[in-house]
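# Topology and contacts: notes
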Amino acid sequence: MRPPHAAFDFNERPFILFWEITRACALACRHCRATAQKRRDPEELNTAEARALIDEVAALAPPMFVLTGGDPLMRPDLMELVSYSAHTRGLRTSLSPSGTARLNRTNFHELKRAGVERLSLSLDGATRATHDTFRGVPDTFDRTLRAVEQAHEAGIPLQINTTIHRGNLHEFEAFSTLMHQLKPAMWSLFLIVPTGRATLDDLPDRDEIERILTRLHEISLTAPFEVKTTEGHHYRRIVVQRERSAGRMTRRAPLGIRDGRGVAFISHTGEVSPSGFLPLSAGNVRQQRLRDIYRHSPLFSNLRDSDRLQGKCGRCEFRSLCGGSRARSLAVHGDMFAEDPLCSYIPPEKKIAS
């Protein structure tokens, strides 16, 4: 039985573990943290190494295990890895493919039989023009909408990810309308991190982000889907503040997850990082046990310590609940413990104990 969220021990294991099974991808997305390439890297973990890694993941037992890329469909052994993960090792396995013609040719019923419990697709524009420009390849919008239909037909729950950046803020309400039409199980907003192909010029204004996240909470109250954020942890603070002011209890206790604290990422070559957007290696699964890297490496241990946060994040009364994006702090300030540049909240001057 999985422990309740409130009792989850981030020091023992991640809540969600991402594995970039390949960096190969046919797209050229503006924000790609992996700077994905057309061909597979000969140094990526082979099938035998991949199965051994899945054994280690199973021993660590994260509640959520996501196979991502690049485009995981570029690996010919994908179905074998999904089946081994889900059926042999009992992991709750999700898949995050790219919106390509290859995806539309895939048998979604076979994906479900292999053990995919949730499919994660990206829509970064509410219109064809915006999305295709951002993804760098024409027709990705239409292919993604077709994949949504295929997932529904196969009975695979959907998560739709939307990257929020300076160029698509004006489409936020159109995104909301689109989500109500597409009916995912989850809509996840990713607040862009200037790493990989993304740049500082892509960052929105922090006050605009506060407005967007406040609006997201309003949407969550009546939407037929769940909402969450990635690298937008201050959404949790907004939820708590608005629920308190309305005299309500929060309907879903936030976990306080952030880079390295409940999150781990394994690259295609086995490097273990706090997240895919914080590309610092704490070790490699080819030389060390995954559980030892997560539990004992100084990088992960330090990121789990909220008292190491600096600037206004360090004195914020929500720092254990939120903690800001450590990836964005590193990318913008060169210091992963600096304050999150996309949060507009001004905490009390006096540091409050957690």
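Residues numbered from 1 in each chain as written. Predicted model: local features only at pLDDT ≥ 70, side-chain atom pairs only at ≥ 80, totals over all residues. Heavy atoms only, no water.

With that out of the way, let us pick up the overall build of the chain. Along its length, the chain carries 13 helices and 10 strands. Taking 354 residues into account, the globule formula puts the C-alpha radius of gyration at 20 Å, and the chain, at 19 Å, falls close to it. On the principal axes, the C-alpha backbone points of the chain span a range of 55 × 45 × 40 Å. Residues counted as buried form 57% of the 354 residues belonging to the chain. Long-range contacts, defined as pairs at least 24 residues apart, comprise 73% of the intrachain contacts of the chain with a sequence gap of at least 6. Total accessible area on the chain is roughly 14,900 Å²; 50% of this is exposed by carbon and sulfur atoms. (Helix = DSSP H or I, 4+ residues; strand = E, 2+ residues; numbered from the N terminus. Rg over C-alpha atoms; globule rule 2.2 N^0.38 Å. Buried < 20%, exposed > 50% of the residue type's maximum accessible area, 1.4 Å probe, protein only. Contact = heavy atoms within 4.5 Å. Areas by Shrake-Rupley, 256 points an atom, 1.4 Å probe, with all protein chains shown as cover.)

Bringing the pattern of salt bridges into the picture now. Enumeration according to the criterion identifies 20 salt bridges in this entry. Notably, a salt bridge pairs Arg 286 with Glu 49, separated by 2.9 Å at the nearest N-O pair. Remark: Glu 49 occurs in helix α1 (residues 47–60) and Arg 286 occurs in the loop between β10 (272–273) and α10 (290–296); sequence separation between them is 237 residues. We classify Arg 286 as partly exposed; its relative accessible area is 35%. A salt bridge links Arg 237 to Glu 210, with the nearest nitrogen and oxygen atoms 2.7 Å apart. Taken together, the positions of Arg 237 in helix α9 (residues 234–245) and Glu 210 in helix α8 (residues 206–220) put the pair 27 residues apart, joining distant regions of the chain. For the pair Arg 237 and Glu 210, a shared accessibility class is recorded, and that class is buried. One network of salt bridges, with partners in common, ties together Arg 40, Glu 44, Arg 75 and Asp 77. (Salt bridge = Lys/Arg side-chain N within 4 Å of Asp/Glu carboxyl O.)

When pLDDT is averaged across the chain, the result is 92; 92% of the residues are at 70 or more. Note on residues 1–5: pLDDT is under 50 here. Beyond four places in sequence and across chains, it has six contacts. (pLDDT = per-residue confidence, 0-100.)

Turning our eyes to something else, we now look at the side chain of Arg 261. Locating Arg 261 in the fold gives a position in the loop between β8 (258–259) and β9 (262–266). Despite its burial, Arg 261 pairs with no opposite charge, the nearest such side chain being Asp 305 at 8.2 Å. A distance of 3.3 Å separates a polar atom in the side chain of Arg 261 from the backbone oxygen of Ser 320. (Lys, Arg positive; Asp, Glu negative; His and termini not counted. Polar contact = N/O pair within 3.5 Å; in protein donor to acceptor, adjacent residues only side chain to side chain.)

Time to look at the packing of aromatic side chains. Scanning all chains against the criterion turns up eight aromatic pairs. Seen in terms of ring centroids, Trp 19 and Phe 65 are 6.5 Å apart; in terms of plane orientation they differ by 10°. Their pairing is stacked. Pair noted here: Trp 19 is in strand β1 (residues 16–20) and Phe 65 is in strand β2 (residues 64–68), with a separation of 46 residues, a long-range link. By relative accessible area, which is 1% here, Phe 65 ends up buried. Put simply, the rings of Phe 8, Phe 10 and Phe 15 pair up and form one aromatic cluster. Note that Arg 51 overlies the ring of Tyr 84, its terminal NZ or CZ placed 4.1 Å from the centroid. The residue whose ring lies beneath Arg 304 is Tyr 294, and the NZ or CZ to ring-centre distance is 4.7 Å. (Phe/Tyr/Trp six-rings, centres within 6.5 Å; stacked < 30°, edge-to-face > 60°. Lys NZ or Arg CZ within 6 Å of the ring centre and 35° of its normal.)

Our focus in this paragraph is the packing of α8 against α9. Contact geometry of α8 with α9 gives a least axis separation of 10 Å together with a crossing angle of 60°. Classified by the interaxial angle, the pair formed by α8 and α9 is oblique. α9 is crossed by α8, and the crossing has right-handed handedness. Seen from α8, the contacting residues are Ile 209, Glu 210, Leu 213, Thr 214, Leu 216, His 217, Glu 218 and Ser 220; seen from α9, they are His 234, Tyr 235, Arg 237, Ile 238, Val 239, Arg 242 and Glu 243. Its residues assigned to classes, the contact of α8 with α9 shows six nonpolar, four polar and five charged. (Axes fitted to C-alpha atoms, helices over the stretch in contact; angles between N-to-C directions. Parallel < 35°, antiparallel > 145°, perpendicular 65-115°, else oblique. Left-handed = near helix turned anticlockwise from the far one by under 90°. Nonpolar A, V, L, I, M, F, W, Y, C, P; charged D, E, K, R; others polar.)

Working note: α-helix, 3.6 residues per turn, so residues spaced by three or four point in the same direction. The first and last C-alpha atoms of α8 sit 21 Å apart over 15 residues, in line with the 21 Å expected at 1.5 Å per residue. Listed as buried for α8 are Ile 209, Glu 210, Ile 212, Leu 213, Thr 214, Leu 216, His 217, Ile 219 and Ser 220. Contact partners of the buried residues in α8: β5 (158–164), α7 (172–182), β6 (186–191), β7 (226–230) and α9. Residue Asp 205 occupies the N-cap position of α8, its side-chain oxygen lying 2.9 Å from the main-chain nitrogen of Asp 207. (Expected span 1.5 Å × (residues − 1).)

Turning to the environment of Glu 117, a few remarks are in order. Mapped onto the elements of the fold, Glu 117 is located in strand β4 (residues 116–122). The exposure class assigned to Glu 117 is partly exposed, which follows from its relative accessible area of 41%. Beyond its immediate stretch of four places on either side in the chain, Glu 117 contacts Leu 91, Arg 92, Thr 93, Ile 156 and Pro 157.

Taking 1.5 Å as the rise per residue, helix α6 (residues 140–154) with 15 residues should run 21 Å; its terminal C-alpha atoms sit 21 Å apart, in good agreement. For α6, the full list of buried residues reads Thr 140, Phe 141, Thr 144, Ala 147, Val 148, Gln 150, Ala 151 and Ala 154. Tucked into the core, α6 has its buried residues touching α3 (101–105), α4 (108–114), β4, α5 (128–135), β5 and α7. Note on α6: the residue one or two positions beyond its end, Gly 155, has a positive phi of about 75°.

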